[in-house]
Amino acid sequence: MTHRRFFGVGEPLIQREADTKIPAWAYLDLVKGLGCSAYRSWMHITDILKDPVTPDEKMVERHRQLLERAVELDIEVTGMSHEWFLPEGCRQRKGHAMPKRDLTPGSLYRQTLDMLEESWCTMAGLFPQVAIWEVGNEWNLNAFLHPDGFLDGDMKHPFTADEKMDIAVDLQYFSAKGVRRGNPNAKVASFSPALSTPTLGGDMPDFLPVMFGAAWTLDKMYSRIKSGTFWSDNTDDYFDIVSWHPYVFTNKIVDGDYDLFLDVEEPDSLWKAYGDSVYKVMRKYGDGHKQIIMTETGFTDCGNPQWEERYAYYNKKILEMAAGMENVRTLHNFRLLCEKAMLEREGIESNQIGGLTEVYFGLFTEPSDGCVPRKRALAIQEVTGSTADLYELGKKVCEMLRLP
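If you're wondering where the values come from, they're calculated on a predicted model, not measured in any experiment.

Visitor: What am I meant to see in the overall build of the protein chain here?
Guide: Along the backbone of the protein chain there are 12 helices and 16 strands. Considering only C-alpha atoms, the protein chain reaches an extent of 60 × 50 × 50 Å along its principal axes. Looking at the 404 residues of the protein chain, the share that counts as buried comes to 59%. Put simply, the protein chain has 45 plus and 61 minus side-chain charges, and the middle of one group is 3 Å from the middle of the other.

Here it is in structure tokens:
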């Protein structure tokens, strides 16, 4: 493999800067201390730009400070956005929504694609420090790709799984065009699929383990590109790197449904099979030479000490398993910090979905609890071989709160 930065971490640090009052760049010392040389950064188009060609200079400067610190620490950055602008005439003006697919020149749909290309051109030009742009997230799920106005209505009429994939191919093509205009040196990563269930918007048979949904979704994407009925039949015109979320989900069924993140079983050959199936799809369509980024994987212990201990071992195990898998460039652990705001306490805004499950993915406690390394952080450090004092680094990060 020509280039690999295997150990990575993902965290929306700019958003955390706002709620923790600590500069986002300071947290990168924790990333480096873990022994990680890659970082996945939430860089939503609609947060950084006022419109497809106009930067919000204050937001740009905040991201630049973070990215320049990453350069100093030799941490490779994958920038991810899964939001975009919509034109006048749509019910929404930004978000995860799309008008009905209509390729007629001048349609609202084509206007949205053109705006997306221009937005990515602007973003890539603004941030040459970003080595890889991940242009979408979980577009196989209704939550991240839905009709314009979907969230304002009764949410009973989402796109079908096939409609989402038609749109996803379009979005990737125009995103890649924009990135390459803005920075020809940057790489483009495909959108990251995760699980697939009918209740979330997928169409994979529900008797299969949900994590085969990544390969299932990628096969749909590849088959469309190779059909010759879209913009190009060359996958290079859509992405350079394939990305997906290899979470470890339970296969237990509780009260008639999966409890997914909770009380998961030890990852074994089945977890490896999820990744192998992704690579088989890539080879099937002639992309066996491309690298893979595992853009999100992690465990939540919900504050349960026994689960925390168990998942530290699980985290080490999947790192060791993934290290031997074909073409894996990076595995990004989700996420760096716990976030109690996800409990949706009154007056506190959360950066994620919310609820107890979401709070405890963090490798470190949040600054209000001292940025103390949790057991998964120490387990990851064992695998990377880093000898940094994570407790001391956490204290130094917390001291940044006293900066004027």
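Visitor: How should I be thinking about the pattern of salt bridges in this particular structure?
Guide: Any two side chains of opposite charge can pair, so long as their charged atoms come close to each other. Tallied over the full model, the rule gives 33 salt bridges. A salt bridge links Glu11 to Arg16; the shortest N-O distance between them is 3.4 Å. Given the relative accessible area of 0%, Arg16 is considered buried. Between Glu296 and Arg40 there is a salt bridge, with the nearest N and O atoms lying 2.8 Å from each other. On the criterion of sequence distance, the pair formed by Glu296 in strand β15 (residues 292-297) and Arg40 in strand β2 (residues 38-42) is long-range, its members being 256 residues apart. Among the residues examined, Arg40 registers a relative accessible area of 0% and is labelled buried. Salt bridges sharing common partners tie together Glu11, Arg16, Asp19, Arg335, Glu339 and Glu366.

Visitor: Explain helix α11 (residues 375-384) here, please?
Guide: It helps to recall that an α-helix has 3.6 residues per turn; residues three or four apart then point in one direction. Taken together, the buried positions of α11 are Arg376, Ala377, Ala379, Ile380 and Gln381. Looking one or two places after α11, you find Gly385, whose phi comes out positive at around 90°.

Visitor: Please clarify how helix α12 (residues 390-399) should be interpreted in this entry.
Guide: Of all the positions in α12, only Leu390, Leu393, Gly394, Val397 and Cys398 are classed as buried. Projected down its long axis, α12 shows its buried positions confined to an angular sector of 140°, all on one face. Among the structural elements, α2 (28-34) and α11 are those in contact with the buried residues of α12. Structurally, the start of α12 carries an N-cap: the backbone nitrogen of Tyr391 is 3.1 Å from a side-chain oxygen of Asp389.

Visitor: I keep staring at unusual backbone geometry and nothing clicks. Help me out?
Guide: For residues that are not glycine, phi is negative in most cases, and the peptide bond is trans in most cases. Cis geometry marks the peptide bond from Phe334 to Arg335; its omega dihedral reads 5°. Within the element layout of this structure, Arg335 appears in the loop between β16 (328-334) and α10 (356-359). Of note in this structure, Lys21 is not a glycine but carries a positive phi near 65°. Here Lys21 lies in the loop between α1 (13-20) and α2. Judged by its relative accessible area of 59%, Lys21 is exposed. Phi at Cys371 takes a positive value of approximately 50°, unusual for a residue other than glycine. Examined against the element boundaries, Cys371 turns out to sit in the loop between α10 and α11. Under the relative-accessibility criterion, Cys371 is labelled buried at 1%.

Visitor: Would you mind going over the sheet that holds β2 with me for this structure?
Guide: Where strands meet in a sheet, backbone hydrogen bonds hold them as pairs that are either parallel or antiparallel. Overall, parallel pairing links the 8 strands, which are arranged β11-β9-β5-β2-β1-β16-β15-β12 in an open sheet. At either margin of the open sheet sits one strand with a lone partner, and together these are β11 (187-189) and β12 (242-244). Pairs of neighbouring strands in the sheet enclose a mean axial angle of 25°, with direction left out of account. As paired elements, strand β1 (residues 7-10) and β2 share 3 bridges and run parallel to each other. Following the sheet pairing, Gly8 is matched in β2 by Ala38. Sitting on the sheet, helix α8 (residues 269-284) touches β12 and β15, and the angle it makes with β12 is about 150°.

Visitor: Is there a simple way to explain the packing of α8 against helix α9 (residues 305-323) in this structure?
Guide: Relative orientation and spacing of two packed helices are given, respectively, by the angle between their axes and the distance between those axes. Where α8 contacts α9, the axes come no closer than 11 Å and their chain directions differ by 45°. Compared by their axis directions, α8 and α9 come out oblique. For the pair α8 and α9, the crossing hand works out as right-handed. Counted together, Ser269, Trp271 and Lys272 of α8 and Ile318, Met321 and Ala322 of α9 form the full contact between these two elements. Each residue belonging to the contact of α8 with α9 can be placed in one class, and the counts come to 4 nonpolar, 1 polar and 1 charged.

Visitor: So what exactly am I meant to see when it comes to the environment of Leu195 here?
Guide: Position of Leu195 relative to the elements: it lies in the loop between β11 and α7 (213-226). Between the alpha carbons of Leu195 and Pro209 there is a distance of 8.6 Å; along the sequence they are 14 residues apart. Apart from residues lying up to four places away in sequence, Leu195 is in contact with Asn140, Leu141, Leu200, Val210, Met211, Gly213, Phe249 and Leu260.

Rules and cut-offs
- Residues numbered from 1 in each chain as written.
- Predicted model: local features only at pLDDT ≥ 70, side-chain atom pairs only at ≥ 80, totals over all residues.
- Heavy atoms only, no water.
- Helix = DSSP H or I, 4+ residues; strand = E, 2+ residues; numbered from the N terminus.
- Buried < 20%, exposed > 50% of the residue type's maximum accessible area, 1.4 Å probe, protein only.
- Lys, Arg positive; Asp, Glu negative; His and termini not counted.
- Charge placed at Lys NZ, Arg CZ, Asp CG, Glu CD.
- Salt bridge = Lys/Arg side-chain N within 4 Å of Asp/Glu carboxyl O.
- Arc of directions from axis to C-beta.
- Contact = heavy atoms within 4.5 Å.
- Polar contact = N/O pair within 3.5 Å; in protein donor to acceptor, adjacent residues only side chain to side chain.
- Pairing = 2+ DSSP bridges.
- Axes fitted to C-alpha atoms, helices over the stretch in contact; angles between N-to-C directions.
- Parallel < 35°, antiparallel > 145°, perpendicular 65-115°, else oblique.
- Left-handed = near helix turned anticlockwise from the far one by under 90°.
- Nonpolar A, V, L, I, M, F, W, Y, C, P; charged D, E, K, R; others polar.

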